Amino acid sequence: MAVKSNFASGEVLTASDVNTYLTNGGLVYIAETIIGAGATTSISFNNVFTSTFDNYQVLIDNFTPSIGNLGLNFRLRVGGVDAFGATDYKNAFLGLTDTGAASNFTSAGQDNGSTGMFNSSTTVVHSSATMIFFNPARTVRTNIQSHAQLFAGQLFHRTGSVLHDLTTAYDGFTLLLSGAGNITTLRVRIYGYRQA
Amino acid sequence: MSRTKIEVNVDTGEVIERPYTDEENAQAELDEANARDEP
(Lines give C-alpha, C1' and ligand atoms only; values in the text may rest on other atoms or scores of the structure.)
Protein backbone atom coordinates (compact mmCIF):
# COMPACT_ATOMS: atom_id res chain seq x y z
CA MET A 1 0.00 0.00 0.00
CA ALA A 2 1.36 3.40 -0.88
CA VAL A 3 1.66 5.57 2.20
CA LYS A 4 -0.40 8.73 1.96
CA SER A 5 1.43 11.36 3.95
CA ASN A 6 0.47 14.59 2.29
CA PHE A 7 -2.70 15.45 4.18
CA ALA A 8 -3.33 19.17 3.91
CA SER A 9 -4.72 21.53 6.49
CA GLY A 10 -8.53 21.51 6.37
CA GLU A 11 -8.72 18.33 4.33
CA VAL A 12 -11.40 15.82 5.32
CA LEU A 13 -9.89 12.62 6.69
CA THR A 14 -12.45 9.99 5.78
CA ALA A 15 -13.35 6.88 7.72
CA SER A 16 -11.98 4.91 4.81
CA ASP A 17 -8.60 6.65 5.10
CA VAL A 18 -8.47 6.08 8.85
CA ASN A 19 -9.39 2.41 8.52
CA THR A 20 -6.86 1.95 5.76
CA TYR A 21 -4.02 3.43 7.78
CA LEU A 22 -4.94 1.69 11.00
CA THR A 23 -4.96 -1.69 9.30
CA ASN A 24 -1.85 -1.04 7.25
CA GLY A 25 0.51 0.41 9.83
CA GLY A 26 4.18 -0.50 9.70
CA LEU A 27 4.95 -2.65 12.72
CA VAL A 28 2.24 -4.90 14.10
CA TYR A 29 2.42 -5.86 17.77
CA ILE A 30 2.48 -9.61 18.30
CA ALA A 31 3.46 -10.35 21.90
CA GLU A 32 5.20 -9.15 25.04
CA THR A 33 6.67 -11.14 27.89
CA ILE A 34 8.22 -9.70 31.04
CA ILE A 35 10.31 -11.54 33.60
CA GLY A 36 10.50 -9.44 36.72
CA ALA A 37 12.58 -10.64 39.67
CA GLY A 38 12.18 -14.21 38.44
CA ALA A 39 14.53 -17.11 37.95
CA THR A 40 14.20 -19.00 34.72
CA THR A 41 16.98 -20.64 32.75
CA SER A 42 15.56 -19.85 29.33
CA ILE A 43 12.45 -18.50 27.66
CA SER A 44 10.92 -19.88 24.47
CA PHE A 45 8.38 -18.32 22.12
CA ASN A 46 6.29 -20.78 20.11
CA ASN A 47 4.08 -20.10 17.07
CA VAL A 48 5.31 -16.54 16.72
CA PHE A 49 6.74 -16.81 13.19
CA THR A 50 3.93 -17.51 10.74
CA SER A 51 2.97 -16.87 7.14
CA THR A 52 1.38 -13.57 8.20
CA PHE A 53 4.73 -11.76 8.09
CA ASP A 54 8.06 -12.41 6.42
CA ASN A 55 10.13 -10.25 8.80
CA TYR A 56 9.98 -9.59 12.55
CA GLN A 57 11.42 -7.11 15.00
CA VAL A 58 12.24 -8.23 18.52
CA LEU A 59 13.03 -5.64 21.20
CA ILE A 60 14.78 -6.97 24.29
CA ASP A 61 15.74 -4.96 27.35
CA ASN A 62 15.85 -4.96 31.15
CA PHE A 63 18.28 -7.90 31.11
CA THR A 64 19.92 -9.09 34.31
CA PRO A 65 21.30 -12.58 34.95
CA SER A 66 21.54 -14.30 38.34
CA ILE A 67 25.31 -14.65 37.88
CA GLY A 68 27.44 -11.89 36.40
CA ASN A 69 29.35 -12.04 33.12
CA LEU A 70 26.69 -13.76 31.07
CA GLY A 71 25.49 -12.98 27.59
CA LEU A 72 22.08 -13.58 26.09
CA ASN A 73 21.99 -15.95 23.12
CA PHE A 74 19.18 -17.35 21.01
CA ARG A 75 18.17 -20.40 19.04
CA LEU A 76 15.50 -20.76 16.41
CA ARG A 77 12.95 -23.49 17.07
CA VAL A 78 10.13 -25.36 15.41
CA GLY A 79 7.48 -27.63 16.90
CA GLY A 80 8.71 -26.82 20.39
CA VAL A 81 12.27 -28.01 19.73
CA ASP A 82 15.34 -25.77 19.52
CA ALA A 83 17.68 -25.92 16.52
CA PHE A 84 21.19 -26.40 17.89
CA GLY A 85 23.33 -27.85 15.15
CA ALA A 86 26.92 -27.53 16.34
CA THR A 87 28.06 -25.09 13.65
CA ASP A 88 24.80 -23.77 12.19
CA TYR A 89 24.91 -20.23 13.63
CA LYS A 90 27.53 -17.84 12.27
CA ASN A 91 28.11 -14.60 14.20
CA ALA A 92 29.83 -11.40 13.04
CA PHE A 93 29.55 -8.40 15.38
CA LEU A 94 31.42 -5.12 15.40
CA GLY A 95 31.90 -3.69 18.89
CA LEU A 96 33.02 -0.49 20.55
CA THR A 97 33.41 0.58 24.17
CA ASP A 98 32.68 4.04 25.57
CA THR A 99 36.43 4.64 25.74
CA GLY A 100 36.92 3.82 22.08
CA ALA A 101 38.37 0.33 22.31
CA ALA A 102 37.31 -2.20 19.69
CA SER A 103 35.32 -5.16 21.01
CA ASN A 104 34.31 -7.37 18.13
CA PHE A 105 32.73 -10.79 18.46
CA THR A 106 32.89 -13.40 15.74
CA SER A 107 32.20 -17.09 15.42
CA ALA A 108 32.30 -18.99 12.15
CA GLY A 109 30.02 -21.69 13.49
CA GLN A 110 28.45 -22.46 16.85
CA ASP A 111 25.23 -23.92 18.20
CA ASN A 112 23.53 -20.62 19.01
CA GLY A 113 23.37 -17.04 17.85
CA SER A 114 24.26 -13.98 19.87
CA THR A 115 21.76 -11.22 20.58
CA GLY A 116 24.79 -8.99 21.19
CA MET A 117 23.64 -8.53 24.80
CA PHE A 118 25.79 -9.15 27.89
CA ASN A 119 25.75 -8.11 31.52
CA SER A 120 28.71 -8.34 33.87
CA SER A 121 26.46 -7.36 36.78
CA THR A 122 23.52 -9.02 38.49
CA THR A 123 21.99 -5.69 39.43
CA VAL A 124 22.82 -3.08 36.81
CA VAL A 125 20.10 -3.00 34.18
CA HIS A 126 22.10 -1.90 31.20
CA SER A 127 21.62 -4.25 28.29
CA SER A 128 19.21 -4.08 25.37
CA ALA A 129 18.89 -5.09 21.74
CA THR A 130 16.88 -4.47 18.61
CA MET A 131 16.82 -7.62 16.50
CA ILE A 132 15.37 -8.18 13.05
CA PHE A 133 14.61 -11.72 11.90
CA PHE A 134 14.35 -12.06 8.12
CA ASN A 135 12.16 -14.88 6.77
CA PRO A 136 12.33 -17.23 9.77
CA ALA A 137 9.09 -19.00 8.77
CA ARG A 138 10.18 -19.59 5.18
CA THR A 139 12.30 -22.51 4.03
CA VAL A 140 15.39 -20.39 3.51
CA ARG A 141 18.45 -19.45 5.54
CA THR A 142 17.34 -17.11 8.34
CA ASN A 143 19.23 -13.80 8.52
CA ILE A 144 19.24 -11.98 11.83
CA GLN A 145 20.62 -8.50 12.46
CA SER A 146 21.07 -7.01 15.92
CA HIS A 147 22.02 -3.67 17.43
CA ALA A 148 22.83 -4.09 21.10
CA GLN A 149 23.95 -2.16 24.13
CA LEU A 150 25.65 -4.09 26.86
CA PHE A 151 27.32 -3.62 30.22
CA ALA A 152 30.71 -5.06 31.12
CA GLY A 153 31.91 -2.59 33.72
CA GLN A 154 31.41 0.10 31.12
CA LEU A 155 29.19 0.78 28.12
CA PHE A 156 29.70 -1.39 25.06
CA HIS A 157 27.88 -1.28 21.76
CA ARG A 158 27.65 -4.18 19.30
CA THR A 159 26.07 -4.28 15.91
CA GLY A 160 26.15 -7.34 13.76
CA SER A 161 24.67 -10.26 11.95
CA VAL A 162 23.82 -13.85 12.66
CA LEU A 163 23.27 -16.34 9.87
CA HIS A 164 21.43 -19.55 10.60
CA ASP A 165 22.92 -21.61 7.81
CA LEU A 166 20.10 -24.11 7.24
CA THR A 167 17.26 -23.84 4.74
CA THR A 168 14.61 -24.63 7.35
CA ALA A 169 11.36 -22.94 8.36
CA TYR A 170 10.93 -22.06 12.05
CA ASP A 171 7.96 -21.00 14.16
CA GLY A 172 9.72 -19.59 17.22
CA PHE A 173 12.90 -18.90 19.14
CA THR A 174 14.49 -19.40 22.54
CA LEU A 175 16.53 -16.90 24.55
CA LEU A 176 19.17 -18.51 26.75
CA LEU A 177 22.23 -17.50 28.73
CA SER A 178 25.79 -17.98 27.55
CA GLY A 179 26.62 -20.02 30.67
CA ALA A 180 25.17 -21.51 33.84
CA GLY A 181 22.69 -19.30 35.66
CA ASN A 182 19.19 -17.93 35.44
CA ILE A 183 17.57 -14.93 33.84
CA THR A 184 16.42 -12.66 36.66
CA THR A 185 14.81 -9.89 34.66
CA LEU A 186 14.02 -9.52 30.98
CA ARG A 187 11.45 -7.85 28.75
CA VAL A 188 10.76 -9.05 25.21
CA ARG A 189 8.45 -7.40 22.69
CA ILE A 190 7.80 -8.91 19.26
CA TYR A 191 6.42 -7.14 16.19
CA GLY A 192 5.77 -8.17 12.60
CA TYR A 193 6.58 -6.00 9.60
CA ARG A 194 3.40 -5.51 7.62
CA GLN A 195 4.12 -6.21 3.98
CA ALA A 196 1.54 -4.23 2.03
CA MET B 1 21.22 -27.21 39.41
CA SER B 2 17.55 -27.40 38.49
CA ARG B 3 16.74 -25.57 35.28
CA THR B 4 13.39 -24.16 34.28
CA LYS B 5 11.97 -22.81 31.07
CA ILE B 6 9.23 -20.27 30.47
CA GLU B 7 7.38 -21.28 27.34
CA VAL B 8 5.14 -18.72 25.66
CA ASN B 9 2.63 -19.99 23.11
CA VAL B 10 1.99 -16.81 21.21
CA ASP B 11 -1.02 -18.08 19.27
CA THR B 12 -2.98 -19.04 22.41
CA GLY B 13 -1.47 -16.63 24.91
CA GLU B 14 -0.62 -19.55 27.19
CA VAL B 15 2.49 -19.10 29.36
CA ILE B 16 3.85 -22.06 31.27
CA GLU B 17 6.94 -22.53 33.43
CA ARG B 18 8.26 -26.05 33.49
CA PRO B 19 11.41 -27.98 34.40
CA TYR B 20 13.89 -28.80 31.64
CA THR B 21 13.44 -32.16 29.97
CA ASP B 22 16.29 -34.68 30.12
CA GLU B 23 17.27 -33.72 26.57
CA GLU B 24 17.24 -30.02 27.40
CA ASN B 25 19.35 -30.63 30.51
CA ALA B 26 21.88 -32.59 28.47
CA GLN B 27 22.15 -29.77 25.94
CA ALA B 28 22.39 -27.15 28.72
CA GLU B 29 25.31 -29.01 30.26
CA LEU B 30 27.07 -28.92 26.91
CA ASP B 31 26.28 -25.21 26.60
CA GLU B 32 27.64 -24.48 30.05
CA ALA B 33 30.82 -26.41 29.32
CA ASN B 34 31.33 -23.99 26.44
CA ALA B 35 30.34 -20.91 28.41
CA ARG B 36 31.71 -17.55 27.36
CA ASP B 37 32.30 -14.99 30.11
CA GLU B 38 33.68 -12.22 27.92
CA PRO B 39 31.36 -9.70 26.30
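Residues numbered from 1 in each chain as written. Chains lettered and ligands numbered in written order. Predicted model: local features only at pLDDT ≥ 70, side-chain atom pairs only at ≥ 80, totals over all residues.

A. Quick peek at the overall build of chain B. A count of helical and extended segments in chain B gives 1 helix and 2 strands. For chain B, the sequential pattern of α-helices and β-strands runs β-β-α. The C-alpha extent of chain B, read off along each of the three principal axes, is 35 × 25 × 15 Å. Taken across its 39 residues, chain B has 13% of its residues classed as buried. (Helix = DSSP H or I, 4+ residues; strand = E, 2+ residues; numbered from the N terminus. Buried ≥ 20, exposed ≤ 12 C-beta atoms within 10 Å, placed from the backbone.)

B. Quick look at the overall build of chain A. Counting secondary structure elements, chain A contains 1 helix and 13 strands. In sequence order, the secondary structure elements of chain A are arranged as α-β-β-β-β-β-β-β-β-β-β-β-β-β. Seen along its three principal axes, the alpha-carbon backbone of chain A occupies a region of about 60 × 40 × 35 Å. Taking all 196 residues of chain A together, 38% fall into the buried category.

C. Geometry of the pairing of strand E3 (residues 55-65) of chain A. Judged from the 6 bridges that link them, E3(A) and strand E9 (residues 128-134) of chain A form a sheet pairing that is antiparallel. Along E9(A), the bridge assignment pairs A:Asn55 with A:Phe134. (Pairing = 2+ DSSP bridges.)

D. Local environment of the interface of chain B and chain A. At the junction of the two partners, chain B supplies 19 residues and chain A supplies 24 residues. Every element with two or more residues in the side of chain B that touches chain A is listed here: strand E1 (4-9) and helix H1 (22-33) of chain B. Among the elements that take part in the side of chain B that touches chain A, E1(B) stands out by supplying 6 residues, more than any other. When its residues are assigned to classes, the side of chain B that touches chain A shows 8 nonpolar, 3 polar and 8 charged. Sheet topology note: the strand E2 (residues 42-46) of chain A/E1(B) ladder contains 5 bridges and is parallel. Pairing of A:Phe45 across the sheet is with B:Val8, part of E1(B). (Contact = placed C-beta atoms within 7 Å. Nonpolar A, V, L, I, M, F, W, Y, C, P; charged D, E, K, R; others polar.)

E. Spotlight on the environment of A:Asp17. Structurally, A:Asp17 can be placed in helix H1 (residues 15-23). Sequence separation between A:Asp17 and A:Gly172 is 155 residues, and the spatial gap between their C-alpha atoms is 34 Å.

F. Molecular detail of the nonpolar core. Among the nonpolar cores identified, the biggest contains 40 residues, and A:Ile43, A:Val58, A:Ile60, A:Met117, A:Leu150, A:Leu186 and A:Ile190 are the most heavily contacted of them. Those residues in contact with A:Met117 that lie beyond four places of it in its chain are A:Ile60, A:Phe63, A:Gly71, A:Leu72, A:Ser127, A:Ala129, A:Ala148 and A:Leu150. (Core = buried A, V, L, I, M, F, W, Y, C linked by C-beta atoms within 7 Å.)

Nothing here speaks to function; it is all geometry.
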